[in-house]
Amino acid sequence: MKSTDAAAPTAERYRVFGEVEARGMSATYEAWALGIADDPATVALIDELPAPKRQPNLVFSASRFQGAPAGPYHLFRDWLHDHWIEVRATALSHATQTNEAARCALHVPALAGIVGPLALLEVGTSAGLCLYPDRYSYRYSGHPRLDPVDGPSSVVLDCVTEGEVPVPDRLPEVVWRGGIDLNPLDVRHPDDVAWLDALIWPEHDDRRARLRSAAAIAGADPPHIVAGDLDAELDAVAAQVPDGATLVVFHTAVLMYLDEAGRARFAEHVRRLPGHWLSVEARSVTPGIRVREDVPNESSDLVLALDGVQLAWAQPHGRAVRWVPNP
């Protein structure tokens, strides 16, 4: 089976990205990725980067951060070769830190079953936009609209539900928010918001508008985010949770950036903490979770699990969730 990991040849990584990840999600990125896969001169440029920095999402986001217009591959190719110095510098100094607030729609049904009030600690938090599930409004298919206690939010998240999704009738009470990230972003800084914008795929205008609204909410009440390794800083940040609050450590599409030993070490670590562990990761990423292959999955390969038990299949950007029945 082909691989998109850092050990795969660059042409193969881009071909798989175009055929699997971008297809049906971004016509622009599909065309760019497949174009690069068949373009040795452009592959040679990208191979100037360290292997972890050659990933399509990072190169494409760095290009768009520097002003690359969306369009056919031949125009992008010419632009990239003309601006490679700037793109290379951005790729080296930045990381993929997609901060999609809509992922909160995946978390809310799981959080609703936890006795609160809650203290949320997100590892790989980026700018912390997923630390505000109680500040956004939700439209789950087949369920009444769900709003914060103080009224409708400027951020409204739509999510298609399949199966018996336990959508609550009220949002969880959150009394503390914290995060850990190797390179935290601050939504009060225009350059950081511009990078988050560049990470959004070209055709996803709804996500771009949502980013701006969510950034305004987070900027008005910034979370406590610590710079550092998620495993090394976990105990110190968790110790700041106020008395009487239930700790929930959570992450979405983060463990894929760790090697196998690092994933196992983190999983063992988080299981020792008091409270709960909420993970949304690709099916083969999180150690110790029995994946429900018996439940049909059409939205994605992301497994939503609570305390190491799969609850649902999840679409990466929070657009859909398919609950699995108890085994």
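Residues numbered from 1 in each chain as written. Predicted model: local features only at pLDDT ≥ 70, side-chain atom pairs only at ≥ 80, totals over all residues. Heavy atoms only, no water.

Quick notes on the state of the cysteines
Reasoning step 1: Across all of its chains, the model carries 0 disulfides by this definition.
Reasoning step 2: C104 carries a free sulfur, and the closest cysteine sulfur to it, the one in C130, is 4.5 Å from it.
Reasoning step 3: By relative accessible area, C104 is classed as buried at 0%.
Reasoning step 4: On the accessibility criterion, C130 (3% relative accessible area) is buried. (Disulfide = S-S within 2.5 Å. Buried < 20%, exposed > 50% of the residue type's maximum accessible area, 1.4 Å probe, protein only.)

What about the sheet that holds strand β3 (residues 156-162)?
The strands making up a sheet associate through backbone hydrogen bonding, with each pair oriented either parallel or antiparallel.
Reasoning step 1: Strands sit in the order β2-β3-β10-β9-β8-β7-β6-β1-β4-β5 across an open sheet of 10 strands; the sheet is mixed. Here the strands that pair on one side only, and so sit at the sheet edges, are β2 (137-140) and β5 (224-227). Adjacent strand axes in the sheet meet at a mean angle of 25° when their direction is disregarded.
Reasoning step 2: As paired strands, β3 and strand β10 (residues 320-323) are joined by 3 bridges and run parallel to one another. Pairing of V160 across the sheet is with A320, part of β10.
Reasoning step 3: In the packing of helix α11 (residues 260-272) onto the sheet, contacts are made with β1 (118-123), β6 (246-252) and β7 (276-282), and the angle to β7 comes to roughly 155°. (Pairing = 2+ DSSP bridges. Helix = DSSP H or I, 4+ residues; strand = E, 2+ residues; numbered from the N terminus. Axes fitted to C-alpha atoms, helices over the stretch in contact; angles between N-to-C directions. Contact = heavy atoms within 4.5 Å.)

Considerations on unusual backbone geometry
Reasoning step 1: Between G116 and the following residue, P117, the backbone shows a cis peptide bond with an omega angle of 0°.
Reasoning step 2: With respect to the helices and strands, the residue P117 is situated in the loop between α7 (104-111) and β1.
Reasoning step 3: Despite not being glycine, S126 has its phi angle at roughly 60°, a positive value.
Reasoning step 4: Turning to its location among the elements, S126 is positioned in the loop between β1 and β2.
Reasoning step 5: Located in the positive-phi region is D307, a residue other than glycine, with phi close to 55°.
Reasoning step 6: Looking at the element boundaries, D307 is found in the loop between β8 (302-306) and β9 (309-314).
Reasoning step 7: Since its relative accessible area comes to 37%, D307 is described here as partly exposed.

Let's talk about the packing of aromatic side chains
Reasoning step 1: Using the criterion set out here, one finds 13 aromatic pairs in the structure.
Reasoning step 2: On the basis of an interplanar angle of 40° and a centroid distance of 5.6 Å, the ring pair of Y29 and W32 is categorised as tilted. Of this pair, Y29 and W32 both sit in helix α2 (residues 27-37), 3 residues apart, which is roughly one turn of that helix. Across the pair, exposure class does not vary: Y29 and W32 are buried alike. (Phe/Tyr/Trp six-rings, centres within 6.5 Å; stacked < 30°, edge-to-face > 60°.)

With respect to the nonpolar core
Reasoning step 1: Ranked by internal contacts, the top residues of the largest apolar core, which has 77 residues, are F60, Y136 and Y138.
Reasoning step 2: Top element by residues in this core is α7. It accounts for 6 residues.
Reasoning step 3: In this structure, L121, I180, A238 and V270 belong to the second largest nonpolar core, which totals 22 residues. (Core = buried A, V, L, I, M, F, W, Y, C linked by side-chain atoms within 4.5 Å.)

Examining the pairing of β1
Reasoning step 1: Across the 6 residues that make up β1, a large majority, 6, are buried.
Reasoning step 2: Burial along β1 is two-sided: L118, L120 and E122 facing one way and A119, L121 and V123 facing the other are all buried.
Reasoning step 3: In terms of strand pairing, β1 meets strand β4 (residues 174-181) through 6 bridges, oriented parallel. Along β4, the bridge assignment pairs L118 with V174.

Details of helix α6 (residues 84-93)
Reasoning step 1: Looking at α6, one finds that the buried residues are W84, V87, T90 and A91. In an axial view of α6, the angular spread of the buried residues amounts to 130°, which keeps them on one side of the axis.
Reasoning step 2: The inward-facing, buried residues of α6 contact α3 (40-46), α4 (56-65), α5 (73-82) and α8 (190-199). (Arc of directions from axis to C-beta.)

Examining empty space enclosed by the protein
Reasoning step 1: Scanning all chains against the criterion turns up 4 cavities of 30 Å³ or more.
Reasoning step 2: Taken as a whole, the largest cavity holds about 40 Å³ of empty space.
Reasoning step 3: Looking at the largest cavity, the residues that line it are N99, E100, A101, L129, I200, R207, R210, L211 and A214.
Reasoning step 4: Broken down by class, the residue content of the lining of the largest cavity amounts to 5 nonpolar, 1 polar and 3 charged. (1 Å grid on protein atoms, 1.4 Å probe; cavity = no way out; pocket = protein on both sides within 12 Å on 5 of 7 lines; lining within 4 Å. Points joined across faces, edges and corners; volume = space filled by probe spheres on them. Nonpolar A, V, L, I, M, F, W, Y, C, P; charged D, E, K, R; others polar.)

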